[in-house]
Amino acid sequence: MERRIEIDGWKSGIRFSSCHMLLRHDKCSRLHGHTYCVHLRVTGSVNTDMMLFDFGRAKEVLRGLAGELDHRTIIPTGNEEIGVTSSEDGRNVVVDLGGRTYSIPKEDTILLPIRMSTAEEISRYLLDRFIKEASLGPNITRIELGVDEGMGQGAWSSMDLKAIGAG
Ligand SMILES: [Zn+2]
């Protein structure tokens with residue numbers, strides 16, 4: 001029998017507040033911020049302990065990941081159209097985004113291997129990290145991770161773990 005557990009990021013307090021800017025977007029190309037939250041769905045079968053995956057463990061991993069992004073400016077490093085370099089003194093990250101240049105203290109940024117700092121790309125990144133860090137058992141067949149950008153709108157990424165041979 002297929003079972004599923006869900007973590008609601010708003011109700012569980014798995015949130016982060018971050019700045020970002022998007023390339024070639026009407027108003028979102030200007031630096032601005034959101035409060036984001038992270039949702040999770042885990043599908044599979046229950047173990048002999050009648051559990052699919054421990055809620056506490058899931059929330060611990062998600063909180064750790066959200067904490068890495070919290071109160072930072074998200075800089076995508078996987079886009080050849082977005083220049084990401086270091087200032088001469090090495091203290092700032094310099095971002096060239098479609099002719100706009102930002103210089104931001106390194107500790108105020110988080111560099112992510114994504115193409116754009118959209119909710120779609122952030123959810124894909126967090127899904128990959130969750131799968132790597134959550135020590136998932138072979139009973140788990142599918143992971144879905146959603147990132148809400150403010151309340152009421154969000155993007156989901158999912159992975160079928162059997163398809164990639166991870167159990
Ligand atoms: Zn935005």
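Please read all numbers here as calculations on a predicted model, not as lab measurements.

(A) View of the side chain of His 20. Within the secondary structure layout, His 20 lies in strand β2 (residues 15-20). Judged by its relative accessible area of 1%, His 20 falls in the buried class. A polar contact is formed between the side chain of His 20 and the side chain of His 34, at a distance of 3.2 Å. A distance of 2.6 Å separates the side chain of His 20 from the backbone oxygen of Ser 117, its partner in a polar contact. Those residues in contact with His 20, other than ones at most four positions away along the chain, are Arg 30, Leu 31, His 32, His 34, Tyr 36, Ile 74, Ser 117 and Glu 149.

(B) Local environment of the environment of Lys 27. Mapped onto the fold, Lys 27 is located in the loop between β2 and β3 (32-44). Sequence separation between Lys 27 and Glu 133 is 106 residues; the distance between their C-alpha atoms is 35 Å.

(C) Spotlight on the nonpolar core. Counting residues in hydrophobic clusters, the biggest one holds 35 residues, and the most contacted among them are Phe 130 and Ile 143. Elements with a contribution of two residues or more to this core: β1 (3-7), β3, α2 (55-69), β8 (109-112), α3 (119-133) and β9 (140-149). When residues in this core are grouped by element, the largest group, 7 residues, is from α3. The residues touching Ile 143, leaving out its near neighbours within four places in the chain, are Leu 40, Arg 41, Val 42, Leu 127, Phe 130, Ile 131, Leu 136, Ser 157, Ser 158, Met 159 and Leu 161. Leu 22, Cys 28, Ile 75 and Val 95 belong to the second largest nonpolar core, which has 12 residues in total.

(D) Structural view of unusual backbone geometry. You will see that Arg 24, though not glycine, has its phi angle at about 55°, which is positive. Tracing the sequence through the fold places Arg 24 in the loop between β2 and β3. Exposure remark for Arg 24: the relative accessible area of 64% places this residue in the exposed category.

(E) Local environment of the coordination of the zinc ion. On the protein side, the zinc ion has His 20 (NE2), His 32 (NE2) and His 34 (NE2) as donor atoms, found 2.0 Å from it. If you list the donors of the zinc ion from N- to C-terminus, the spacing comes out as H-x11-H-x1-H. Like His 34, His 32 is buried.

So, how was this worked out
- Residues numbered from 1 in each chain as written.
- Predicted model: local features only at pLDDT ≥ 70, side-chain atom pairs only at ≥ 80, totals over all residues.
- Heavy atoms only, no water.
- Helix = DSSP H or I, 4+ residues; strand = E, 2+ residues; numbered from the N terminus.
- Buried < 20%, exposed > 50% of the residue type's maximum accessible area, 1.4 Å probe, protein only.
- Polar contact = N/O pair within 3.5 Å; in protein donor to acceptor, adjacent residues only side chain to side chain.
- Contact = heavy atoms within 4.5 Å.
- Core = buried A, V, L, I, M, F, W, Y, C linked by side-chain atoms within 4.5 Å.
- Donors = N, O, S within 2.8 Å, 3.2 Å for Na, K, Ca; no water.

Note that all results are geometric; they support no functional claim without further evidence.
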